[in-house]
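# Descriptive analysis of the structure
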Amino acid sequence: MQIFKFGGASVKDAEAVRNVKSILEKYVSGPIVIVISAMGKTTNALEAVLNAYWNNEDTLAKLDIVRKYHFEILDNLIPDQSKSIWDELENIFSELGNRLRNPSKIGYDAEYDYIVSYGEILSTKIVSAYLSDSGFENKWLDARDYIVTNELHREARVDWDVTQALISGHIPTIAQKVPVITQGFIGSAPPKITTTLGREGSDFTASIFAYCLDAEQLVIWKDVPGILNADPKKFKDTIQFKELSYQDVVEMTYYGATVLHPKTIKPLQNKNISLSVRSFLQPDSPGTMIGTANDANDSIQTPIIILKENQSLISLSTKDYSFIAEEAIEQIFDEVVRYGIKVNVMHNSAISFQICIDERPGSGGDFLKALEKEFEISKISGLELLTVKYPSETTLKQLLINKKVRLEMRSGDTIQFVLG
């Protein structure tokens with residue numbers, strides 16, 4: 001069993017979808033599950049739809065942008081409007097449009113999962129229909145029927161026992177007959193409440209299927225040649241790794257490297273399933289191989305640089321100037337868990353506690369309100385978090401030119417700076 005995962009850039013337009021078909025025709029041999037993300041920047045576009053809906057703005061106009069984008073791709077792939085996929089897409093947009101015409105009855109995060117999940121449904125419907133129409137037989141499955149989670153919206157946690165039983169009990173029989181097409185990023189909490197696994201969660205979805213199906217290998221197709229030591233969109237002269245260990249990749253993703261979702265590696269490591277990150281633009285190139293057998297000597301010699309934007313630094317101190325002791329820290333982290341806050345860095349002194357978090361709309365404000373009775377709170381937004389693993393003094397000097405350091409943390413071979 002193999003698992004292939006294609007991200008949004010790999011299906012961003014009709015030409016890209018045709019390229020996916022070429023890759024599948026060349027590299028698929030034997031049973032396979034193909035996990036596909038939303039097309040292009042659809043997740044961003046649906047987030048804009050959600051925010052317009054939440055703020056009582058012109059929601060349907062923003063939805064129409066999403067609609068036109070998908071129908072343009074469909075028209076280039078399957079111009080015959082008598083094909084059933086045309087009606088399927090119309091029904092999907094009609095369903096979503098009807099939802100958006102009525103006031104929300106659920107919270108922002110639950111609404112986020114419901115609305116944004118349509119991106120993956122639309123992309124997989126179109127790709128599956130195109131593949132079938134062009135002679136590549138496949139079976140479309142709804143990932144929400146197989147990946148069961150709790151109700152922590154936008155960062156749902158997988159119920160592994162139930163998910164394992166559903167996937168291993170049904171999908172092998174199907175995949176033995178025909179390739180399976182399904183969605184990344186989405187799952188469901190009983191009774192069929194749509195959830196999502198975290199931004200860029202399609203990698204994690206592919207890892208879940210690999211784990212539950214005891215796959216030989218997971219291949220993640222990206223718009224980069226493999227895993228690099230830094231984001232080439234932000235840094236010059238990046239270096240590609242031929243091989244990496246699970247441990248190095250886990251740390252890279254934990255600190256914010258966007259090449260893989262942070263939760264992708266652990267399920268693979270648990271069953272020693274190899275991961276290959278390859279370029280859909282250069283599919284014959286070897287990419288980067290990740291696994292236990294790789295000692296990653298080259299990574300130890302090469303600084304790994306990770307820059308996360310849209311960060312907020314929150315400082316908390318007790319109102320009575322008492323120490324920030326265990327009880328205060330427990331209270332803070334009770335609310336961190338309650339509101340699903342992603343803490344990237346934390347630091348405490350005798351009378352203050354600082355956390356650097358991802359800035360996102362929705363629950364962040366409620367998180368601070370829950371703490372304001374007990375703590376004095378200050379917040380600085382619009383910051384960056386720079387993490388350097390295996391740093392050299394030369395690298396650090398170059399990275400910190402003209403930067404204001406608000407917080408610095410060192411741990412072993414890793415150093416972090418909150419900048420801005």
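Described in the following lines is the structure provided in the data block. Sequence positions are assigned chain by chain, starting from 1 and proceeding in written order. Given that this is a predicted model, residues contribute local features only at a pLDDT of at least 70 and side-chain atom pairs are listed and counted only at 80 or more, while totals for whole chains, interfaces and linings are drawn from all residues. Excluded from the side-chain calculation are hydrogens and water; included are all heavy atoms of the structure.

Core analysis: the largest hydrophobic core is formed by 50 residues, its most contacted members being Phe4, Phe6, Leu24, Ile34, Leu46, Leu77 and Ile115. A run of H or I in DSSP counts as a helix once it spans at least four residues, and a run of E counts as a strand once it spans at least two, with each numbered from the N terminus. With 8 residues, helix H6 (residues 118-133) is the largest single contributor of residues to this core. Should any heavy atoms of two residues lie within 4.5 Å, those residues are counted as being in contact. In contact with isoleucine 115, other than residues within four places in its own chain, are Leu46, Val49, Leu50, Tyr53, Leu96 and Leu100. In this structure, Val35, Ile147, Val259 and Ile290 belong to the second largest nonpolar core, which totals 43 residues. To define a nonpolar core, start from buried Ala, Val, Leu, Ile, Met, Phe, Trp, Tyr and Cys residues and group those joined through side-chain atoms within 4.5 Å. Under the scheme applied here, a residue whose accessible area is under 20% of the maximum for its type counts as buried, over 50% as exposed, and between as partly exposed, the area being computed with a 1.4 Å probe on protein chains only.

A word on the packing of aromatic side chains. In summary, the pairing rule links any two rings of Phe, Tyr or Trp, Trp by its six-membered ring, whose centres are within 6.5 Å, and it sorts them by plane angle into stacked for under 30 degrees, edge-to-face for over 60 and tilted for everything else. Enumeration according to the criterion identifies 12 aromatic pairs in this entry. Measuring from ring centre to ring centre gives 6.3 Å for phenylalanine 4 and phenylalanine 6, while their planes differ by 75 degrees; the resulting arrangement is edge-to-face. Neither residue differs from the other here; phenylalanine 4 and phenylalanine 6 are each classed as buried. Arranged with centres 5.2 Å apart and planes meeting at 70 degrees, the rings of tryptophan 160 and tyrosine 211 form a pair that is edge-to-face. With tryptophan 160 in helix H7 (residues 160-177) and tyrosine 211 in helix H8 (residues 202-212), the pair connects residues that are 51 residues apart, well separated along the chain. Given a relative accessible area of 28%, tryptophan 160 falls into the partly exposed group. Aromatic rings pair up to connect Phe4, Phe6, Tyr27 and Trp221 into one cluster. Here, a charge over a ring means that NZ of Lys or CZ of Arg falls within 6 Å of the ring centre while also lying within 35 degrees of the ring normal. A cation sits over an aromatic face here: lysine 271 above tyrosine 211, 4.1 Å from the ring centre.

Residues Glu326, Glu327, Glu330 and Asp334 make up a contiguous surface patch of negative charge. Within the secondary structure, glutamate 330 sits in helix H12 (residues 326-338). Note on patches: the residues involved have over 30% relative accessible area and no salt bridge, like charges join within 9 Å, and the nonpolar side chains Val, Leu, Ile, Met, Phe, Trp and Tyr join within 5 Å. We get accessible surface area from the Shrake-Rupley algorithm with a probe of 1.4 Å; when it comes to residues, only the shown protein chains can shield them. Throughout this description, the term salt bridge denotes a Lys or Arg side-chain nitrogen within 4 Å of a carboxyl oxygen of Asp or Glu. When charges are counted, neither His nor the chain ends are considered; positive counts come from Lys and Arg and negative counts from Asp and Glu. For charged residues, the charge sits on one atom: NZ in Lys, CZ in Arg, CG in Asp, CD in Glu.

Moving on, we come to the packing of helix H5 (residues 108-116) against H6. At their nearest, the axes of H5 and H6 sit 5 Å apart, and the two run at 10 degrees to each other. When the axes of H5 and H6 are compared, the pair comes out roughly parallel. Of the residues in H6, those in contact with Tyr114, Ile115 and Val116 of H5 are Tyr118, Gly119 and Glu120. The residue inventory of the contact of H5 with H6, partitioned by class, reads 4 nonpolar, 1 polar and 1 charged. Angles here are taken between N-to-C directions and fall from 0 to 180 degrees, while the axes themselves are lines fitted to C-alpha atoms, restricted in helices to the stretch in contact. Orientation categories follow fixed angle ranges, with anything under 35 degrees roughly parallel, anything over 145 roughly antiparallel, 65 to 115 roughly perpendicular, and all other angles oblique. The nonpolar class holds Ala, Val, Leu, Ile, Met, Phe, Trp, Tyr, Cys and Pro. Asp, Glu, Lys and Arg form the charged class, and all remaining residues, Gly among them, are polar.

Another aspect to go through is unusual backbone geometry. Where the residue is not glycine, phi is negative for most of them; where a peptide bond is considered, it is trans in most cases. In the segment running from proline 190 into proline 191, the intervening peptide bond is cis, with an omega of -5 degrees. Mapping proline 191 onto the fold places it in the loop between strand S5 (186-189) and strand S6 (193-196). Of note, lysine 192 is a non-glycine position whose phi angle comes to about 65 degrees, a positive value. Mapped onto the elements, lysine 192 comes out in the loop between S5 and S6. One non-glycine residue with positive phi stands out, namely aspartate 237, at about 55 degrees. Counting through the fold element by element, aspartate 237 comes out in the loop between strand S7 (217-222) and strand S8 (243-244).

Now for the pattern of salt bridges. Following the criterion strictly, the structure yields 22 salt bridges and no others. Across the pair lysine 308 and aspartate 358 runs a salt bridge, and its minimum N-O distance is 2.9 Å. Note that lysine 308 is positioned in strand S11 (residues 304-318) and aspartate 358 in strand S13 (residues 353-358), a separation of 50 residues in sequence. One continuous salt-bridge network, built from bridges that share partners, spans Lys5, Asp203 and Lys222.

This paragraph deals with the sheet that holds strand S16 (residues 414-419). Ordered in space as S12-S13-S11-S14-S16-S15, the 6 strands form an open sheet in which the pairing is antiparallel. A single partner strand is all that each edge strand has here, and the edge strands are strand S12 (343-348) and strand S15 (405-411). Mean inter-strand twist for the sheet, computed between neighbouring axes without regard to direction, equals 25 degrees. As paired strands, S11 and strand S14 (residues 375-389) are joined by 12 bridges and run antiparallel to one another. The residue bridging serine 317 from the neighbouring strand is glutamate 376, located in S14. A strand pair is defined by DSSP finding two or more bridges across the two strands.

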